[in-house]
Amino acid sequence: MSEKTTAAPAQIRTGLEALGRLTEFDPRTLVLDPRNARTENVKPDHALLASVERIGVQEPISVRLLEDGTFGVFKGQRRWLAATAAAKKAAAKGAPVRPIPAFVREDLNGNDTEALLLSMVENTQRAPMTHRDTLNGAAQLELIGVTEADRRRAAGILGLKRESLRAAKQAAALTPEGLQDGARHAFDLTELADLQDVEEVSGAASKLAYARRQDAEAKGKSTRGHWQHAMASLRQERDEQRKRQAAVQALTEAGVKVLPRYSRSDDTAVALDQITTRLGKELNPKTHAQCAGHAARLDEDAEPVYFCTDPEKNGHTLKNAPDAAEEAQAQDAARAERKRVLAQNKAARAAREVRTEFVAQLCKGKSLSDAAWTLVLTTVMNGSDTYRKFLNKTQVKATAAVAKFTAGPAPEDNAPDPFTPLIQRTGKARRPQLMMAQVAAAFEAEMNDKAWSEKTTAQVMWLTFLEGEGYTLSAHESAILGRAAAPETAPTEPTNLTDEEEPQESEEEAQPEAQQAEEADGPDADDAPDAPEEAQAEGAAEPEAPESAQEADGGSEEGDAGHEAEEAATAPQEAAQQE
């Protein structure tokens, strides 16, 4: 069977000849070819504009000679528009205009059909980079170990801030589901990095998106305050979730059955401290371990409370118990009150985390506002109770509190004059900030966990002052000022343990989960020496509020202005220079 060959059409060209003649144009001399198929979404985005302005167009466009003697762009419209914008900006500054590379297709002169077809091919065959590719590319820049100068240049070309490039490495660790959630809400690289930190919490992306909308709607403010409060609450929930998971795993490995959280429905389990053996001996986890009903239930602090699932069946005797209905009602009421207290304390700690960072930046600013100066002078000169009480703290504790709001490393413990070196190296213009740091530490010491139920004049004055300085109050802090009812539950949605996290139960033993208990620590007694003890709702001492993430900068007054392009409102959805 003989092969039949067909000669290629004469109009088909191969190799470099098909691309046309490569040359350069001043982009302002070109026009849009009337056969350019793209008519929508032609405006160059921020990333493309930034890239072209800094390194020019890297991929040539295609043009052809039109009847009026001008050259028309039929491929690469967005790159051409970006080059034109860059040229106009350069000309306005008296700087050289960067030409745009272009393939001149002389074979298409007068051939509208082919020009239109190639324009359609250009715009249908290209696909934007996926969010995962964008993240991985940015993360690789950081993994390579770029210098600060290289990072600044790369950020400018990509239309990002340097902080976004630094965040890319963490954002790249998002699970596919987390990345999909972030893309749906158009999170930028920094926001995606935050999401990665808490993505294991159910609904984290939606909560952050809501917080971002709240920030956008804040009148007269350019802030991420609601976002920061949401992150603080989500981190709390993440840590609590991990703590409960670890506790469940430890009990399961020890062979202890883990019960669901409290439920009034068909719950026959009784705590060991409420029952005895038939001979009246007390029971504890060790002596009860061999009982068929041996089990544990995690309390609000993820600590195990041991139970017998069916005391009567397993031969135990109830202690002198009051009426069952009254006892159940009393337990429910106590549990609800405890949950309310723990939720408020949790909200107080989450707000403190965000507030501490804001105050640290306020104390390191270039200057104090009139309101800040007035607060400092009236507090110190009038010797307010808040200030005097703070000065009576132990030197180590007071020094550590002030150091959180000053630039540079914290003084050594028990140093005789802990802040003398800092005072000596601080210029005259910034010395007022040192006084602000001490006054801020005094007021923050007043902000104990019980402010929601026992607020003082100083607490109200401090929150009102901070709001005037641009701080975004959390819902909990707004309630302290009497603007809204304090939330009865934690500021984030409860997250129950999944079936995979708890041992499976038989049908007769399974009990539905009714509520999410919240973890809490008690207030620092030294921070509130005059406040009454909280009714067994608080446990360990309150942790020190974390230092500002930017404290290591030493309070530098240098900004990134003039070095970085404005950050894109959303994560880059296309590779720079892509049609």
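Residues numbered from 1 in each chain as written. Predicted model: local features only at pLDDT ≥ 70, side-chain atom pairs only at ≥ 80, totals over all residues. Heavy atoms only, no water.

Before going further, it helps to examine the overall build of the protein chain. What the protein chain contains, in helices and strands, is 18 helices and 11 strands. Put simply, of all contacts in the protein chain between residues at least 6 apart along the chain, 74% involve residues at least 24 apart. Accessible area for the protein chain stands at about 31000 Å²; split by element, carbon and sulfur atoms hold 51% of it. (Helix = DSSP H or I, 4+ residues; strand = E, 2+ residues; numbered from the N terminus. Contact = heavy atoms within 4.5 Å. Areas by Shrake-Rupley, 256 points an atom, 1.4 Å probe, with all protein chains shown as cover.)

Let's shift gears to the nonpolar core. By size, the foremost hydrophobic cluster in this structure holds 40 residues, and its most contacted members are F390, F405, M436, W462 and F465. The set of elements that each furnish at least two residues to this core consists of α11 (324-363), α12 (370-381), α13 (385-391), α14 (395-403), α16 (431-446) and α17 (457-468). Broken down by element, this core gets its largest block of residues, 9 residues, from α16. For F390, the contacting residues outside a window of four places in its chain are A398, A401, V402, Q438, A441, A442 and A445. (Core = buried A, V, L, I, M, F, W, Y, C linked by side-chain atoms within 4.5 Å. Buried < 20%, exposed > 50% of the residue type's maximum accessible area, 1.4 Å probe, protein only.)

Relative to strand β4 (residues 71-75), strand β2 (residues 31-32) runs parallel, the two sharing 2 bridges. Bridging across to β4, L32 finds its partner in V73. Bridge count between strand β3 (residues 61-65) and β4: 4 bridges; the pairing is antiparallel. Paired with V63 across the two strands is V73, which belongs to β4. Where β3 hands over to β4, the hairpin turn is made up of 5 residues, of which G69 adopts a positive phi near 90°. (Pairing = 2+ DSSP bridges.)

Right, let's talk about the confidence of the model for the protein chain for a bit. The predicted model of the protein chain has a mean per-residue pLDDT of 77, with 73% of residues at 70 or higher. Taken element by element, the protein chain is modelled with least confidence in helix α4 (residues 131-144), mean pLDDT 65, and with most confidence in β2, mean pLDDT 96. The model gives residues 486-579 a pLDDT under 50, and that stretch makes 234 contacts with residues more than four places away or in other chains. (pLDDT = per-residue confidence, 0-100.)

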